[in-house]
Amino acid sequence: MQKVVEVLTNREELIARSLSIVRSKIQAAIAERGICTIALAGGSTPEPLYRAIATQDLPWDKIHVFWGDERYVPDDHPDSNQKMARLAWLDQVNIPASNIHPIPTGSADPATDALTYQTELQQFFQVSDGEFPAIDIILLGIGDDAHTASLFPHTAALEVRDALVTVGNKDGQPRITFTVPLINHARCVVFIVAGASKKPALAQIFAPAADDMTYPSRLIQPTGEVLWLLDAAAGEELQ
């Protein structure tokens, strides 16, 4: 694992640096393999990044977009990660509809929708049961509780090792999420973290020893590259 930590002056610089890295990773993936696969994060922190990506001149037909997790709500719900990314980015550019791979949430059974998404990933990446694809870029954030994607402290989703997608749980509300091993097979994981409220979680995530079940982001140890991009409010004590 290659681990890089960068602390940027403020949120504007954080987003600018994130844009530069994502753009370069997209271009490198397309140059090497003909396409780029990217999995998006939800939450408020990456939204300005998505708006910035929408202004770029990129080969949209060669970019395939997935999501690392989704709230179990309709795709037009205000809390939908898909809706946020579409409004900020995907609806603003000429990307083929077939290149957008949202997490389904419409069957009324989260486990069924998780399996449907796993099957789509397996078919797209041409992997069999028990195999994990290498997604080019997975964007992640963290919560104040050190969760990432929808991998929350002391939930069953943290222990799933034989699936690509599983059902997460946030205070009794189901979510659909990438599993730890799927994230860890990525070529590049990019954490984008802002705000002083994240400092206690980061201290535990970066500590030499702490409980992984209590601080789930510690489980993200990709075989490829992991970049931690932090604004000063979040990362000042890690410099």
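Residues numbered from 1 in each chain as written. Predicted model: local features only at pLDDT ≥ 70, side-chain atom pairs only at ≥ 80, totals over all residues. Heavy atoms only, no water.

In plain terms, the rule: UniProt positions are given in the numbering used here, feature names are shortened, and annotations may be inferred rather than shown by experiment.
The name an unreviewed UniProt entry assigns to the protein is 6-phosphogluconolactonase, from the organism Tychonema bourrellyi FEM_GT703. What UniProt records for the protein under Catalytic activity (unreviewed entry) is the sentence "6-phospho-D-glucono-1,5-lactone + H2O = 6-phospho-D-gluconate + H(+)".

1. Overview of the side chain of R175
Basically, it comes down to this: Every helix listed is a DSSP run of H or I at least four residues long, and every strand listed is a run of E at least two residues long, numbered separately from the N terminus. We call a residue buried when its accessible area falls under 20% of the maximum for its residue type, exposed when it is over 50%, and partly exposed in between, using a 1.4 Å probe and counting protein chains only. Charge assignment in this entry is limited to Lys and Arg as positive and Asp and Glu as negative, and neither His nor the chain termini are counted. Each reported salt bridge corresponds to a side-chain nitrogen of Lys or Arg within 4 Å of a carboxyl oxygen of Asp or Glu.
Considering the arrangement of structural elements, one finds R175 in strand 7 (residues 173-178). For the buried residue R175, which engages in no salt bridge, the nearest side chain bearing the opposite charge is D69, 4.3 Å off.

2. Digging into the sheet that holds strand 5 (residues 137-140)
The test is simple: Each pair of strands is called paired provided DSSP finds at least two bridges between the two strands. The axes used here are C-alpha line fits, helices contributing only the stretch in contact, and every angle between their N-to-C directions lies in the interval 0 to 180 degrees. The contact definition used throughout considers only heavy atoms, calling two residues in contact when any of these lie within 4.5 Å.
Strand order in this open sheet of six strands is 1-9-8-5-2-3, and the pairing throughout is parallel. Edge positions in the sheet fall to strand 1 (2-8) and strand 3 (63-67), since each of these pairs with one other strand and no more. Ignoring which end each strand starts from, the neighbouring axes of this sheet average 15° apart. Alignment of strand 2 (residues 36-40) against strand 3, held across five bridges, turns out to be parallel. What sits directly across from C36, in strand 3, is I63. Most of the contacts of helix 1 (residues 11-33) go to strand 9 (residues 225-231), to which it runs at about 160°, and overall it touches strand 1, strand 2, strand 3, strand 5, strand 8 (188-193) and strand 9.

3. Quick look at the sheet that holds strand 7
Taken in spatial order, the three strands of this open sheet run 4-7-6, and their pairing is antiparallel. The outermost strands of the open sheet, each flanked by one partner alone, are strand 4 (69-71) and strand 6 (165-170). Within the sheet, the average angular offset between the axes of one strand and its neighbour, ignoring direction, is 30°. Along the sheet face, helix 4 (residues 110-125) touches strand 6 and strand 7 and points at about 140° away from the line of strand 6.

4. Quick word on helix 4
Convention followed: Expected helix span is taken as 1.5 Å per residue step, with the number of steps being one fewer than the number of residues.
Under the 1.5 Å per step criterion, the end-to-end length of helix 4 is 22 Å for 16 residues, consistent within 8% with the ideal 22 Å. All of the buried residues along helix 4 are P110, D113, A114, Y117, Q118, L121, Q122 and F125. In the core, the buried residues of helix 4 are packed alongside strand 2, strand 3, strand 6, strand 7 and helix 5 (180-184). A positive phi of about 55° marks Q126, the residue just after helix 4.

5. Concerning the pattern of salt bridges
Throughout the structure, instances matching the rule amount to twelve salt bridges. The salt bridge partner of R51 is E47, with a shortest N-O separation of 3.6 Å. Here the residue R51 and the residue E47 both occupy positions in helix 2 (residues 47-53), the gap between them amounting to four residues, near one helical turn. Given a relative accessible area of 29%, E47 falls into the partly exposed group. In this structure, K62 and D61 form a salt bridge, with 3.7 Å as the shortest nitrogen-oxygen distance. Judged by relative accessible area, D61 falls into the partly exposed class, the value being 47%.

6. Points about the pairing of strand 5
On strand 5, burial covers both faces: I137 and L139 on one face and I138 and L140 on the other are all buried. Bridge analysis of strand 2 against strand 5 gives two bridges, and the strand direction is parallel. Bridge pairing in strand 5 places A39 opposite I138. Bridging between strand 5 and strand 8 involves four bridges; their strand directions are parallel. Bridge assignment links I138 to a residue of strand 8, and that residue is V189.

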